[in-house]
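# Summary of the model geometry
Each chain, letter by letter, is given below.
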Amino acid sequence: MHGTMKRKSLSKTDPALFFALVTVWLSFAVFIFLPLIRLLLTTFIVDGALSFTNMKKVLGTGYNIRALYGSLILATAVSLSGTFLGYLFALAVTRTNLPKILKTLLGAVTILPLISPPFTSSISLTLALGPNGMLLKAFGIGDFSIYGFLGTWISETLTYFPVAFMVITAILNTMSATLDDAALCLGASRWRMFRTITIPLSLPGIGNSVLLLFGASLADFATPLILGGHTFPVLPTEAYLLITGMFDLRGGATLSFLLLVPALLVFFLQRMLLGNKSFVSVTGKNGARTEFARLPSALTAFIAVICSFLVVFILYLYAIILWGSFVKVWSVNNSFTLDHYLYVFKHGQKAISDTLLIAILSTVIGSVLAVVIGYVAQRKQFVGKRFFEFSSMLNYALPGTVVGIAYIIAFNQRPILLTGTLSILVAAYVFRYYATGIRSVIASLEQIDPALEEASLSLGASSIRTFTHVTIPLIIPAVLAGMRYLFIHCMTAISATIFLVSVRWTLLTTRILESMTELQFSQASAFSMVLIVIVFIADAIMLYLMKLSTSKFHKSQEISYEKVGA
Amino acid sequence: MKKSALELKDVTKVFQKGRETVRAVDTVNLLVEEGELVTFLGPSGCGKTTTLRMVAGFELPSGGQITIQGEDMTNTPVNKRGIGFVFQNYALFPHMSVFNNVAYGLKSRGEKDDAIRPKVIKALLLVGLQNTENRYPSQLSGGEQQRVALARVIVMEPKLLLMDEPLSNLDAKLRLHMRTEIRKLQKKLGITCLYVTHDQSEALTMADRIVVMNKGKVEQIGTPFEIYSNPQSLFVADFIGQANIVKLEVTAIDDETLTASVPGGKTYAAKALKPDKYQKTEVIYHVGNNAALVVRPESIQVEQQSSDPSSFPAQVISSIFVGSHIEYELRLKNNTEIKASVPYLSGMKIFEEGSEVYALFDSSNSAFLPA
Amino acid sequence: MKKSALELKDVTKVFQKGRETVRAVDTVNLLVEEGELVTFLGPSGCGKTTTLRMVAGFELPSGGQITIQGEDMTNTPVNKRGIGFVFQNYALFPHMSVFNNVAYGLKSRGEKDDAIRPKVIKALLLVGLQNTENRYPSQLSGGEQQRVALARVIVMEPKLLLMDEPLSNLDAKLRLHMRTEIRKLQKKLGITCLYVTHDQSEALTMADRIVVMNKGKVEQIGTPFEIYSNPQSLFVADFIGQANIVKLEVTAIDDETLTASVPGGKTYAAKALKPDKYQKTEVIYHVGNNAALVVRPESIQVEQQSSDPSSFPAQVISSIFVGSHIEYELRLKNNTEIKASVPYLSGMKIFEEGSEVYALFDSSNSAFLPA
Amino acid sequence: AGVEEAKPKVGGTLNVYSIMPEKYATKIFEEFTKETGIKVNFVRLSSGEALARIIAEKANPQVDALWGGPADTYEAGVLEGVFDVYVPSEAAKVPTQFKSAKGYWTGIGVIPLTFMSNAKYLKEKGLNPPTSWNDLLDPAYKNSLQMADARTSGTATERIYSLVKVMGEDEAFAYQKKLHQNIQLYTKGGAGGAMPVATGQAASGVFYIVDALDIQQQGYDLVISYPKEGVTYGVEASGIIKGAKNLEAAKALMDWASTKRLGEVMVANLINYIPTRPDVTVTNPALDMSKVKLLEAEVAWKGENRTRLVERWIAEVIQQ
Ligand SMILES: Nc1ncnc2c1ncn2[C@@H]1O[C@H](COP(=O)(O)OP(=O)(O)OP(=O)(O)O)[C@@H](O)[C@H]1O
Ligand SMILES: Nc1ncnc2c1ncn2[C@@H]1O[C@H](COP(=O)(O)OP(=O)(O)OP(=O)(O)O)[C@@H](O)[C@H]1O
Ligand SMILES: [Mg+2]
Ligand SMILES: [Mg+2]
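Please read all numbers here as calculations on a predicted model, not as lab measurements.

## A word on the interface of chain C and chain B
Residue-level contacts link 47 residues of chain C with 47 residues of chain B. Taking both partners together, chain C and chain B bury about 3600 Å²; carbon and sulfur atoms supply 52% of that area. Linking chain C with chain B are two salt bridges, by the criterion used here. A salt bridge links Asp238 of chain B to Lys173 of chain C; the shortest N-O distance between them is 2.9 Å. Across the chain C-chain B interface, the total number found is 16 residue pairs in polar contact (both at pLDDT 80 or more). When residues of the side of chain C that touches chain B are traced back to their parent elements, those giving at least two are strand S2 (20-33), helix H4 (142-154), helix H5 (172-189), helix H6 (200-206), helix H7 (224-229), helix H8 (234-239), strand S16 (312-322) and strand S18 (337-343) of chain C. Among the elements that take part in the side of chain C that touches chain B, H5 of chain C stands out by supplying five residues, more than any other. Considered class by class, the residues forming the side of chain C that touches chain B number 13 nonpolar, 21 polar and 13 charged.

## Looking at the site of ligand 2
What surrounds ligand 2 is a group of 20 residues, the closest being Thr49 and Thr50 of chain B together with Arg135, Ser141 and Glu144 of chain C. Nearby residues around ligand 2 are contributed by chains B and C. A distance of 2.7 Å separates an oxygen atom of ligand 2 from a polar atom in the backbone of Lys48 of chain B. Backbone polar atom of Gln139 of chain C to a nitrogen atom of ligand 2: 3.2 Å apart, as the coordinates give it. Coverage of ligand 2 by the protein amounts to 94% of the 640 Å² it exposes when considered alone. Secondary structure elements with two or more residues in the shell around ligand 2: strand S2 (20-33) and helix H1 (48-56) of chain B together with H4 of chain C. Residues of the shell around ligand 2, tallied by class, amount to five nonpolar, eleven polar and four charged.

## Considerations on the relation of the copies chain C and chain B
Turning chain C through 180° and shifting it by 0.1 Å along the axis lays it on chain B, with an RMSD of 0.2 Å. On the angle and the small slide along the axis, the relation comes out as a two-fold axis. Closest approach to the rotation axis within chain C is made by the C-alpha atom of Ser168 of chain C, at a distance of 3.0 Å. Mapped onto chain B, 100% of the interface residues of chain C are again interface residues, and the two copies thus contact each other with one and the same surface.

What counts as what
- Each chain carries its own residue numbering, running from 1 in the written order of its sequence.
- Think of it this way: whatever chain is written first is A, whatever ligand is written first is 1, and the rest follow in order.
- Only residues with pLDDT of at least 70 get local features here, since the model is predicted, and only at 80 or more are side-chain atom pairs given and counted; chain-wide, interface and lining totals rely on the full set of residues.
- Side-chain metrics rest on all non-hydrogen atoms present in the structure, leaving aside hydrogens and water.
- It only takes one pair of heavy atoms within 4.5 Å for two residues to be counted as in contact.
- Accessible area, probed at 1.4 Å, shrinks when two parts are joined; the buried area is that loss added up over both.
- Should a side-chain nitrogen of Lys or Arg be within 4 Å of a carboxyl oxygen of Asp or Glu, the pair is scored as a salt bridge.
- For the purposes of these results, a polar contact is taken to be a pair of N or O atoms within 3.5 Å, where, inside protein, one atom must be able to donate a hydrogen and its partner to accept one; residues adjacent in sequence count only when each atom of the pair is a side-chain atom.
- Elements are defined by DSSP. Helices are runs of H or I of four residues or more, strands are runs of E of two residues or more, and each kind is numbered from the N terminus.
- Each residue receives one of three labels: charged for Asp, Glu, Lys and Arg, nonpolar for Ala, Val, Leu, Ile, Met, Phe, Trp, Tyr, Cys and Pro, and polar for the others, Gly being one of them.
- Note on terminology: near, applied to a residue and a molecule or strand, indicates that one of the residue's heavy atoms is within 4 Å of it.
- Areas reported as accessible are Shrake-Rupley estimates using a 1.4 Å probe. Residue values count occlusion only from the protein chains shown.
- Least squares is the method for superposing the copies, and the C-alpha atoms it fits come from residues with pLDDT of at least 70 in both.

Here it is, written out as structure tokens:
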């Protein structure tokens, strides 16, 4: 007998968790910390010595402080307005008795803004609401400047509310309807029920959506670049300008690191507000299957008005792009032509196939990682859990340009030589955009009673089997939301990849950007339309596959009693 | 005359799932008076919860009509019905503390915080849950959760209270206590009450009337005494208080009494019941045919020797001592197995497995029903 | 000698929530032999579920040690312990049909589909759920869900079976049936079983041994007979089978018998118990002090007149007829309220509220405990 | 034809970052490949992005050459040590102001600044096309000029150089502060304002001739005019990255770029740069600089003053 106390090691008690943690930490080390540390070193080590002169320099200018405030204000505004709109749309889809076809349409229109790269929608937005904009003219509104906070805010809200929509829809769908019954039965009005039951129970979705939108807006440099103008500076744009305009990588990186502070703050704020409440409404003791209670009529009307307005507006913006893709020269020669599409298919083929390949790879890898990370972070107890969770979000909260540059610096040397390869693009996408997947998985898990997993374990299922057969099917809407988002972003994102595309791998969005730079609005429109169509097809396939896999899971068993001699 | 608080007319609920159809509730008729407590008894899955859910308005009947307080309720929203519902699965709000769960209804009603606090505390005290108001449902034991569900509804003092097995997860002592408390409150406030329970003694002690359901249909409605001592069907007889059913050949029929031959014994006479569902003029017993003798285990004495000609010779299959009683399983000569529950008096002889004994049926507590 | 299947040593569980600390389970010690069925009885919230959850490994004890089959279980993952757990709240997989719920464990174990099907059907038949395999849990009634939860575990034939109120939502008949089925299966397969129930008759009839818990602590462990007839504390006496506790002044102490004065009567003698927790040499009864007389309602006879000097004069507070019995509430001269349950024999007189009567305690079924 | 004979086909591949728009670069490289057998893989990036990447990739260069883009980008790169010295075979025939003194880069085209205005807009407001820098200060242009942002765009720095050359530095900034009142938006790219001007969102702007001509040639109703005070011009350059993996091929490109052939290709393909080789005949009258007052601004001077001028611009113009 040994005198030592028996210490339980994770590798023994939960080998699957141990394995998952080791794998994920390793991947964090390589794809998140290594680039960041390399960039930090580049930023703060000057001539072999630690130096904060950069810090002093960039913070010394009042303009950058204004940019910090700008970023905070914008991110706050966008996260609130985007979540609000996303919530309304999610309610429309989950809590109203709209015909199914309309709901599908609503869902489809909603992801439009997410699909197009920011600059295309920004362009059509300026055509509509910019100086001499078509909509402004149509309504006779004169002095309205879209450039500045307002335009940036509108455009980012439009771009990011679909994220909120997806995350929140997943939550609203899994909530237990018996609680609605209980509230009504206790005499609550529909309003009160909505206020005290529906909203609080969707808090995990709301909280995570706010977190996601805050991060997204914080890191977005493209929209403010086009719409912010000089009156409304924000940090990522300033960082981008410093790096690409002033060739001041250190200054730019310093500014970007500044962004981590608010991101961290919001992350912990969100944890604090939601952390110790229980939202479990999916338990293994089922109430009768029941419908969700209807929303108050006034709210339904409000939702209907806002949603229709927004849908029409979005459709209008994309109609401009659609139209642009079919006319010879935008607003000069409006005769119909397919030239731009021919051009796209002739010169854009490689970009399309490259993008698709990268997107599919990233979606698969990213979704698996997101689900694992989300699950581990929500369900398991281990040392450094908060740090783990926050680490996973780091790349998301940093401006893409900075991540892109960090990747080049980190992966352009042995032992990890990745520049110019497919892997670097996939890694950049995965570790940047799987955040939505992680957050929606976490939000979803908060609703589900851990007893279901305990039941599975006690029935002898391994933790992996429990995960695949019990957990995943229960959170599939959230996983799906994450996958769709990841896929769409892989198809459309640009900020990080502008530094990562190479002579061998090129992307559709860089082609669109290029068309814009070359003043080929029509070509850019055609590219955008093709992109939209591809995403819709892929989205449909994903939905179909998901249905297939879950229905196989649910396939009913035909039983004959005679056979068993009953 | 008391007003009718609730009326169910031919209420039916059919669940459709693909090809499968489940008739969960089948043409149920019921009239409940104001202030009455009606318990629902019946095997698992017989449609009790579904009936309650339809009354509450969570479920739309597939057929029939439900009238509350004289008004057709079909168009009244759930929250305007003044109904209290204790859910079988509790349906506690997971994001609210115990206090807020219980206060929820009062707040909805717009009561002041000052007025709410003492009421909530009182309700929690009533269910024995002082000092838990700051906990969340996930931090409570099963029985504690159930009590919160109860308190949440009781605090509202609703006019119509629907309770779906509200005490199933409580220990016997607490259950007894809660029973009396519920009954007291209900009587004091004149609450009309539908009460689903699986505990027969609960049903028998609490109810003004009992509804016995089976496979979606009502088998019998009556006072506890009626149900217990005057079962209208073999199902009820068997289900309530576990009657023994012994099929015997009828040898004589006389007005209200029926005589049948005892296997291995002589004859046995007991009153012959005529369930309501039979027409007045219908002849339901025939000499030479079988009739079912219904007798409760407590109405059977087990003796070593008996001179009583109407006693049933039997063999002991098993005997279990359960504190206050001895539970016998006996096999009659016609192979019918019956149970007897004999109060244990100290020093009493407990017959062992295999002993040959005589079972004496208490004829005033036994009756014939059509077989 | 039988092997020990499960051993709890000083097992403790403390829940911490902010400033509040809940000692849910407090230094529990228990040794369960292989094939034994041990029931846990205790008031709601006394720590039964928590204890079971720790044995299953869902919860880590805050202190103490749990040994299964002679092995320290700390390092064994839940799914490798070969346990079955019936959850108090079922924990059915909402996304799986009944069939898949029940088949889940077998599939996890890697059994062939051909082998799984008959087993699942057999298990469903056992719990009386034929023809529901294609339904989803939300399409089942409460009791049906509970039976699925039971079938899901039974089909696995685990070595150690933990059941948390597995029959609480079933009707009396079905419950009785399930009891015997569980017991049969458990005996046949030699399954070791921890069984939480609130139904005392369930505990008394099924258990090899009973653990009575209160506020996280074990009050007494013993066979049903021991627990019932030899309660080691007033709590147990009161909790199990609802004993009456009458505090009387001790007038004489004699070896194992104690005599006390009866208010309004003479004296009463009964055996004096000495709970294990007291030291052998400790004197626990004193002449002139109070001792608590414990007597079960069934051991009390109620008579109009009594010449027995040790009978207790009393007044009837209430009398309820519950089919086979009459339940009396009586007030003794020292204002103690007691309950008497008198078997009803036809023609028996039922005393009305306010009647002055005599209560005769069966001295062989009553005993003194330290007050 | 003599060129082809002089340089035998080299073959192999060449990786390039092109700052020159893709549609131009494609045509030029096609021709180059035809003549040398060297396959060119390239990615188009904006000047800032290209340089940032080249610097970040310094340890292990991913490309061999940088193609196009303003000469001052190259000067900035030289300071970071990312370019290699290479003097192409016919470099002697390129005027000295169009190439690096130390041989780090060689000019391939020249592009003067110009004003471009929306004709319809001018007509509606009754304005004449601006012919002086001061015309742009007209309140009629209030909130309707789009110009490039000095922090990202070479076009914008060129504008500042022009102004400094025209009116001296302090005057130039005083002017820009006034001009700022009329600015609707500073665009990220040099050509960013072209489309808005073309579609009538904005009235006018200052662009490189290459962008102005490009959009005009698409058919938009635009007026191109020059300020009488004069403009400076940008030099589009090319250079070899230090550590190039296909050094020979890169040298071949540089050599080819310094010949007359490149100029001819540009002229033939309507690529609106003025070739650096004076001996190439330009056919487009818009590229005829004889009536335009071109101001000299040395690349070295630009390189030395760029950061300072941009920072001053940020401090005094943007943040006012
Ligand atoms: N997560 C928790 N946090 C705080 N207290 C808890 C938590 N879980 C349980 N408790 C408390 O621990 C005590 C024991 O709970 P447990 O569930 O074991 O009771 P139980 O004996 O199963 O009761 P019941 O018969 O009502 O199911 C209860 O008082 C309960 O409120
Ligand atoms: N949504 C549904 N779809 C199909 N069948 C259903 C559905 N809900 C209930 N049922 C069936 O209807 C019948 C009645 O269910 P109900 O819940 O009313 O039973 P119950 O009497 O409350 O039973 P228990 O005592 O077990 O709670 C059951 O057989 C159940 O399986
Ligand atoms: Mg039910
Ligand atoms: Mg429990």
